[in-house]
Amino acid sequence: MFDLRSLEHSTIIYESPQLDPLLRLCWNKQDPNYLATFMVDSYKTIILDIRVPSLPVAELGGHSGCVNAIAWAPHSSCHICSTGDDAQALIWDLSPMPKPVEDPILAYNAEQEINSLQWSAAQPDWVSIAFSDKLQILRV
């Protein structure tokens, strides 16, 4: 993380253990201290607290295929959705952190691997996913 006002000061928030590239990242809309990311070809979503650099506060490992997309709930600081090659959309409740978060609170199985995900800011009860040539809107 860099402060663009003074590039002399920077902090490495997270480096994967094998230096695998991070594919995507997403800021928590309700609590700007939290950031989610995942690595290329990884089955886990990494939750980071920028106040505690280098160590993930949670690793969400519920997928049996590579993670493709993540989205924080726009109305809640402790809910996040992840999707992957296993055709699952998983919604996680992170309120138990720093205790481990073992299982998602909701799971949806699509017909094929899910490529894209968006959580509606205007209608926070709805999540949209895209797979193959389809778009589905799911009520959570």
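The structure we're discussing is the one just above.
Let me sum up the structure you'll find in this document.

About the criteria used
- Residues numbered from 1 in each chain as written.
- Predicted model: local features only at pLDDT ≥ 70, side-chain atom pairs only at ≥ 80, totals over all residues.
- Heavy atoms only, no water.
- Patch = residues over 30% accessible without salt bridge, like charges linked within 9 Å, V, L, I, M, F, W, Y side chains within 5 Å.
- Areas by Shrake-Rupley, 256 points an atom, 1.4 Å probe, with all protein chains shown as cover.
- Salt bridge = Lys/Arg side-chain N within 4 Å of Asp/Glu carboxyl O.
- Lys, Arg positive; Asp, Glu negative; His and termini not counted.
- Charge placed at Lys NZ, Arg CZ, Asp CG, Glu CD.
- Helix = DSSP H or I, 4+ residues; strand = E, 2+ residues; numbered from the N terminus.
- Buried < 20%, exposed > 50% of the residue type's maximum accessible area, 1.4 Å probe, protein only.
- Polar contact = N/O pair within 3.5 Å; in protein donor to acceptor, adjacent residues only side chain to side chain.
- Contact = heavy atoms within 4.5 Å.

A word on a negative patch on the surface. Residues Asp20, Asp41, Asp85 and Glu113 make up a contiguous surface patch of negative charge. Tracing the chain through its elements places Asp85 in the loop between strand S6 (79-84) and strand S7 (88-93). The exposure class assigned to Asp85 is partly exposed, which follows from its relative accessible area of 32%.

In this section: the side chain of Gln88. Along the chain, Gln88 turns up in strand S7. Polar contacts involving the side chain of Gln88 include one to the side chain of Asp86, which spans 3.0 Å. Setting aside residues no more than four positions away along its own chain, Gln88 makes contact with Gly62, His63, Ser82, Thr83, Ala107, Tyr108, Asn109 and Ile114.

With that out of the way, let us pick up the environment of Ser120. Along the polypeptide, Ser120 turns up in the loop between strand S9 (114-119) and strand S10 (126-131). Since its relative accessible area comes to 23%, Ser120 is described here as partly exposed. When the C-alpha atoms of Ser120 and Pro96 are compared, they prove to be 24 Å apart, with 24 residues separating the residues in sequence. Excluding anything up to four places from it in sequence, Ser120 contacts Pro74 and Trp126. In this structure the side chain of Ser120 is engaged in a polar contact, spanning 2.9 Å, whose partner is the backbone nitrogen of Gln123.

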